Amino acid sequence: MTKAAAPARVADRAGAPVAARRCRPGRLATALAATGAARAAYAALTRRPPGEAALWERRNHRGEVLTLLEGPATAVGATVAAACAPGVPGRWRAAGVLAAVAGAGFGTYDDMAGSSDRRGFKGHLGALAKGELTSGGVKIVGLGVAGLAAGALVQRRPLDKLLAGVVVAGTANLINLFDLRPGRAAKAVLIAGAPRLLRGGPAAALAAAPVGAAAALLPEDLAEKSMLGDAGANALGAALGVALAAGSGRKGLLAKVLVLGAFTAASEKVSFTKVIAGNRPLNTIDMLGRRPPAATPAPGRPAAEGAVAPA
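Summary of the structure given here. Every value quoted in this text rests on a predicted model; they were computed, and no experiment measured them. (Residues numbered from 1 in each chain as written. Predicted model: local features only at pLDDT ≥ 70, side-chain atom pairs only at ≥ 80, totals over all residues. Heavy atoms only, no water.)

**A short note on the side chain of Lys187**
Reasoning step 1: Tracing the backbone shows Lys187 in helix H8 (residues 184-199).
Reasoning step 2: Buried and unpaired, Lys187 has Asp286 as its nearest opposite-charge partner, separated by 5.3 Å.
Reasoning step 3: Other than its neighbours up to four places away in sequence, Lys187 contacts Leu222, Ile285, Asp286, Met287 and Leu288. (Helix = DSSP H or I, 4+ residues; strand = E, 2+ residues; numbered from the N terminus. Buried < 20%, exposed > 50% of the residue type's maximum accessible area, 1.4 Å probe, protein only. Lys, Arg positive; Asp, Glu negative; His and termini not counted. Salt bridge = Lys/Arg side-chain N within 4 Å of Asp/Glu carboxyl O. Contact = heavy atoms within 4.5 Å.)

Okay, structure coming up:
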């Protein structure tokens with residue numbers, strides 16, 4: 001009778017040992033590590049903000065002041081948890097760390113140096129075509145390169161590496177597109193990460209890192225005391241993208257690329273906020289835990305000074 005191949009030597013198309021993929025590693029431990037690290041980082045950052053506290057302050061759609069320090073804090077949570085996720089191949093952990101750090105780094109740069117003159121891929125790439133390098137353009141290029149590097153760590157075949165890279169960068173961008181209302185981007189991470197988290201295996205532990213980090217500061221986000229900003233949204237999205245790309249076959253990668261492409265293209269034409277507000281189930285989820293919508297100023301009455309206009 002032919003002996004079965006040693007479990008440690010049997011690998012699937014993604015390069016992860018089959019035995020390891022069948023196991024159910026410490027998803028809960030990873031999520032708790034992400035939550036704890038994010039909460040600790042937020043407490044430390046708000047106590048002693050890098051630079052001046054005003055550097056991290058922004059006005060939300062109500063015109064109220066809140067802090068962007070939620071973003072770096074959640075990035076720390078996702079990074080720490082990805083680095084120590086149990087039962088996950090070293091290359092996958094490295095990809096998760098790389099994606100979260102790159103997302104946080106380029107996102108912070110855009111938060112600090114960006115402006116609203118150019119929006120979306122079309123705006124930033126259009127400016128680049130004219131010789132103008134915007135902060136958003138730097139972020140697009142940086143996240144693209146980081147995504148390809150992370151994709152190369154979680155897949156083995158050249159085409160699969162490319163597709164995985166697109167998934168990582170595309171997910172980072174998609175989560176950022178949802179960061180227009182309190183808690184919306186964090187909820188998007190929780191919803192998008194749940195299926196991968198429930199499947200088990202090493203990729204589930206990777207998904208637990210951004211999911212746990214997103215949940216950690218969701219109460220502050222919903223209370224409109226803080227927001228993810230580009231730093232947090234890009235970091236969580238990129239880390240989630242690694243989890244979605246890791247362990248996926250080519251068909252799965254292609255499907256994810258098509259979905260991400262469709263969302264990105266749609267964002268250039270329609271407002272996600274208007275679509276969500278016009279759909280009862282989506283609006284119910286969007287408003288869950290949030291304060292009531294801001295009252296619309298009466299005709300002829302100006303909005304609050306410094307308020308950010310709704311997207």
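There is more to say, and it comes next.
**What to know about unusual backbone geometry**
Reasoning step 1: We note that Glu224 has phi near 60°; this positive angle belongs to a residue other than glycine.
Reasoning step 2: Relative to the assigned elements, Glu224 resides in the loop between helix H10 (218-222) and helix H11 (229-245).
Reasoning step 3: The exposure class of Glu224 is buried, given its relative accessible area of 4%.

**Comments concerning the pattern of salt bridges**
Reasoning step 1: In this structure the tally under the stated criterion is nine salt bridges.
Reasoning step 2: Note that Arg291 and Glu64 form a salt bridge whose closest N and O atoms lie 2.9 Å from each other. One end of the pair, Arg291, is in the segment after helix H14 (280-287); the other, Glu64, is in the loop between strand S1 (57-59) and strand S2 (65-67), with 227 residues separating them in the sequence.
Reasoning step 3: Residue class for Arg291 comes out partly exposed when judged on its relative accessible area of 29%.
Reasoning step 4: The closest approach of N and O atoms between Asp230 and Lys139, which form a salt bridge, is 3.0 Å. Note that Asp230 is positioned in helix H11 and Lys139 in helix H6 (residues 135-154), a separation of 91 residues in sequence.
Reasoning step 5: For Lys139, a relative accessible area of 8% corresponds to the buried category.

**Points about the packing of helix H3 (residues 70-83) against helix H9 (residues 202-216)**
Reasoning step 1: It is at 8 Å that the axes of H3 and H9 come closest, and there the two elements cross at 150°. Judged on the interaxial angle alone, H9 and H3 are roughly antiparallel. Classified by chirality, the crossing of H9 by H3 is right-handed. Residue-level inspection shows Thr74, Gly77, Ala78, Ala81 and Ala82 of H3 in contact with H9, the latter providing Ala209, Pro210 and Ala213.
Reasoning step 2: Residue composition of the contact of H3 with H9, grouped by class: six nonpolar, two polar and no charged. (Axes fitted to C-alpha atoms, helices over the stretch in contact; angles between N-to-C directions. Parallel < 35°, antiparallel > 145°, perpendicular 65-115°, else oblique. Left-handed = near helix turned anticlockwise from the far one by under 90°. Nonpolar A, V, L, I, M, F, W, Y, C, P; charged D, E, K, R; others polar.)

**Describing H14**
Reasoning step 1: At the N-terminal end of H14, a side-chain oxygen is found 3.0 Å from the backbone nitrogen of Leu282, two or three residues along, and the residue is Asn279.
Reasoning step 2: Downstream of H14 by a residue or two, Gly289 has a phi angle that is positive, lying close to 85°. (Polar contact = N/O pair within 3.5 Å; in protein donor to acceptor, adjacent residues only side chain to side chain.)

**Regarding helix H12 (residues 250-267)**
Reasoning step 1: Here H12 spans 26 Å end to end across 18 residues, near enough to the 26 Å set by a 1.5 Å rise per residue.
Reasoning step 2: Among all positions of H12, only Leu253, Leu260 and Thr264 are buried. Along the long axis of H12, the arc covered by the buried residues comes to 35°, so they all point the same way. For H12, the exposed residues lying more than 90 degrees away from the buried face are Lys251 and Leu258. (Expected span 1.5 Å × (residues − 1). Arc of directions from axis to C-beta.)

**Let's talk about the packing of aromatic side chains**
Reasoning step 1: Applying the stated criterion across every chain yields a total of two aromatic pairs.
Reasoning step 2: Between Phe178 and Phe272, the ring centres sit 5.3 Å apart and the planes meet at 35°, which makes this aromatic pair tilted. Taken as a pair, Phe178 in the loop between helix H7 (158-177) and H8 and Phe272 in helix H13 (residues 272-277) lie far apart in primary sequence, 94 residues in all. As far as burial versus exposure is concerned, Phe178 and Phe272 are alike and both buried.
Reasoning step 3: Consider the rings of Phe263 and Phe272, whose centres lie 6.3 Å apart with planes at 85°: the pair is edge-to-face.
Reasoning step 4: Take Phe272: its relative accessible area is 11%, and that puts it in the buried class. (Phe/Tyr/Trp six-rings, centres within 6.5 Å; stacked < 30°, edge-to-face > 60°.)

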